[in-house]
Amino acid sequence: MSDGVLNMTDVNDVRIELPRFAAWALSMEWEIPQPLANMAETAAKASKPANKGGNLGAAERGTVQKLIAGFLAQGYSHDQISKPYAIAKEIQTALESAGLNLSDETIVSWIKQSAPLLTSAKNS
């Protein structure tokens, strides 16, 4: 064992990341040794993005809107995009299947902010 990874190469080449396992074990409400629990907490803190006050700058907001517009253009017709609540439920379900949570209101808000970029791109 080195660097917080258990590597069992002689048994189907399985790698277990101990901080990730520890986080899972804690989520299952298992009692685990404190050093292992500390690994989970340290990994969780390291994986969180730095908080910049919670507000996106204009350039960052524009980038996010372009990314969303690109995904909308690839997956939905103009008619579908004009009905953002139906799309929001589909996106929310996809996010939940990946273990991510986002309210449908938040998704609708981003769709509404991003959709006009598709119209302006067509007119250019």
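Throughout what follows, the structure given in this document is the object of discussion. (Residues numbered from 1 in each chain as written. Predicted model: local features only at pLDDT ≥ 70, side-chain atom pairs only at ≥ 80, totals over all residues. Heavy atoms only, no water.)

## Focus: the overall build of the chain
In step 1: Per the secondary structure count, the chain includes six helices and two strands.
In step 2: Going from N to C terminus, the chain has its helices and strands arranged as β-β-α-α-α-α-α-α.
In step 3: Burial analysis of the chain (124 residues in total) assigns 21% to the buried set.
In step 4: Put simply, the chain shows about 9,400 Å² of open surface, and 56% of that area lies on carbon and sulfur atoms. (Helix = DSSP H or I, 4+ residues; strand = E, 2+ residues; numbered from the N terminus. Buried < 20%, exposed > 50% of the residue type's maximum accessible area, 1.4 Å probe, protein only. Areas by Shrake-Rupley, 256 points an atom, 1.4 Å probe, with all protein chains shown as cover.)

## Some remarks on the pattern of salt bridges
In step 1: Scanning the entire structure with this criterion turns up one salt bridge.
In step 2: For D104, the salt bridge goes to K89, with nearest N and O atoms at 3.3 Å. Taken together, the residues span a long stretch of sequence, with D104 in helix α6 (residues 104–123) and K89 in helix α5 (residues 84–97) at a distance of 15 residues. (Salt bridge = Lys/Arg side-chain N within 4 Å of Asp/Glu carboxyl O.)

## Digging into the layout of surface pockets
In step 1: By volume, the largest pocket amounts to about 300 Å³.
In step 2: The wall of the largest pocket is formed by 13 residues, among which I68, F71, I91, L95 and I107 lie closest to the centre.
In step 3: Only α3 (58–75), α5 and α6 provide two or more residues apiece to the lining of the largest pocket.
In step 4: A per-class count over the lining of the largest pocket returns 12 nonpolar, no polar and one charged. (1 Å grid on protein atoms, 1.4 Å probe; cavity = no way out; pocket = protein on both sides within 12 Å on 5 of 7 lines; lining within 4 Å. Points joined across faces, edges and corners; volume = space filled by probe spheres on them. Nonpolar A, V, L, I, M, F, W, Y, C, P; charged D, E, K, R; others polar.)

## A word on unusual backbone geometry
In step 1: Its identity is not glycine, yet E29 carries a phi of approximately 65°, on the positive side.
In step 2: Secondary-structure assignment places E29 in the loop between α1 (18–27) and α2 (34–47).

## Topic: the nonpolar core
In step 1: Residues A69, L72, Y76, I81, I87, A88, I107, V108, I111, A115 and L118 constitute the largest nonpolar core, which totals 11 residues.
In step 2: Put simply, the parts of the chain that give this core at least two residues each are α3, α5 and α6.
In step 3: Ranked by residue count, the leading element in this core is α6, at five residues.
In step 4: Apart from residues no more than four positions distant in its own chain, A88 is found in contact with D104, I107, V108 and I111.
In step 5: The next biggest cluster of nonpolar side chains, apart from the first, holds seven residues, and it includes A22, A25, I32 and A40. (Core = buried A, V, L, I, M, F, W, Y, C linked by side-chain atoms within 4.5 Å. Contact = heavy atoms within 4.5 Å.)

## Examining a nonpolar patch on the surface
In step 1: On the surface, a nonpolar cluster with roughly 410 Å² of combined accessible area is contributed by F21, W24, M28 and W30.
In step 2: For W30, the position within the fold is in the loop between α1 and α2. (Patch = residues over 30% accessible without salt bridge, like charges linked within 9 Å, V, L, I, M, F, W, Y side chains within 5 Å.)

## What about the side chain of S114?
In step 1: Take S114: it is sitting in helix α6.
In step 2: Taking the relative accessible area as the measure of exposure, S114 reaches 0% and is therefore buried.
In step 3: Residues contacting S114, with those up to four places away along its chain left out, are Q65, I68 and A69.

Bear in mind that shape data such as this cannot, by itself, settle questions of function.
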